[in-house]
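The lines below spell out each chain.
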Amino acid sequence: MRLSRLAIQRPVTTIVLLVSLIVLGMVALIRIKLAYFPDIEFPGIFIEVPYPNSSPTQIERTILRPIEEILAT
């Protein structure tokens, strides 16, 4: 018998199996040891350069690109 036909003929069984799998997955996720979750830190930097009364194009050309080139090295 095909799985799709069985699922259509027995919707209550299908729903119970689906809910039980979801509950089992949630319990497993809660109880999993922290050793299996690696400590990942995204390397990032935040730089704020205030430059009032200027256009986005001017900021990109005069400030952003030179800073990006220096920080890329």
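Bear in mind that the values here come from a model prediction, so they are computed numbers and not experimental data. (Residues numbered from 1 in each chain as written. Predicted model: local features only at pLDDT ≥ 70, side-chain atom pairs only at ≥ 80, totals over all residues. Heavy atoms only, no water.)

A.B. asks: Could you give an account of the overall build of the protein chain, with specific residues and numbers?
C.D. replies: The helix and strand inventory of the protein chain stands at 3 helices and 0 strands. Helices and strands in the protein chain line up, N terminus first, as α-α-α. Since a compact globule built from 73 residues should have a radius of gyration of about 11 Å, the 27 Å found for the protein chain marks it as more spread out than a globular shape. With the C-alpha coordinates aligned to their principal axes, the bounding extent of the protein chain is approximately 70 × 30 × 25 Å. A total of 73 residues make up the protein chain; the buried ones form 1% of that total. Entry remark: accessible area of the protein chain is about 7,500 Å², with carbon and sulfur atoms responsible for 66%. (Helix = DSSP H or I, 4+ residues; strand = E, 2+ residues; numbered from the N terminus. Rg over C-alpha atoms; globule rule 2.2 N^0.38 Å. Buried < 20%, exposed > 50% of the residue type's maximum accessible area, 1.4 Å probe, protein only. Areas by Shrake-Rupley, 256 points an atom, 1.4 Å probe, with all protein chains shown as cover.)

A.B. asks: Describe unusual backbone geometry, and please don't skip the residues or the numbers.
C.D. replies: The residue Asn53 is not glycine, and still its phi comes out positive at about 55°. Checked against the element boundaries, Asn53 lands in the loop between helix H2 (11–31) and helix H3 (56–71).

A.B. asks: Can you lay out a nonpolar patch on the surface for me, pointing to particular residues and giving the numbers?
C.D. replies: A surface patch of nonpolar side chains, about 500 Å² in accessible area, is lined by Ile45, Ile47, Val49, Ile70 and Leu71. Looking at Ile70, the relative accessible area reads 61%, which means it is exposed. (Patch = residues over 30% accessible without salt bridge, like charges linked within 9 Å, V, L, I, M, F, W, Y side chains within 5 Å. Salt bridge = Lys/Arg side-chain N within 4 Å of Asp/Glu carboxyl O.)

A.B. asks: Help me get a handle on the pattern of salt bridges, residues and values and all.
C.D. replies: Counted by the stated rule, this structure contains 1 salt bridge. When the shortest N-O distance is used, the salt bridge between Glu60 and Arg65 registers 2.8 Å. Taking the relative accessible area as the measure of exposure, Glu60 reaches 32% and is therefore partly exposed.

A.B. asks: Just give me the short version of the environment of Pro66, but keep the residues and values in it.
C.D. replies: By the element assignment, Pro66 lies in helix H3. Among the residues examined, Pro66 registers a relative accessible area of 31% and is labelled partly exposed. Setting aside its immediate chain neighbours within four residues, Pro66 contacts Glu60 and Arg61. (Contact = heavy atoms within 4.5 Å.)

Purely geometric numbers; function is a separate question.
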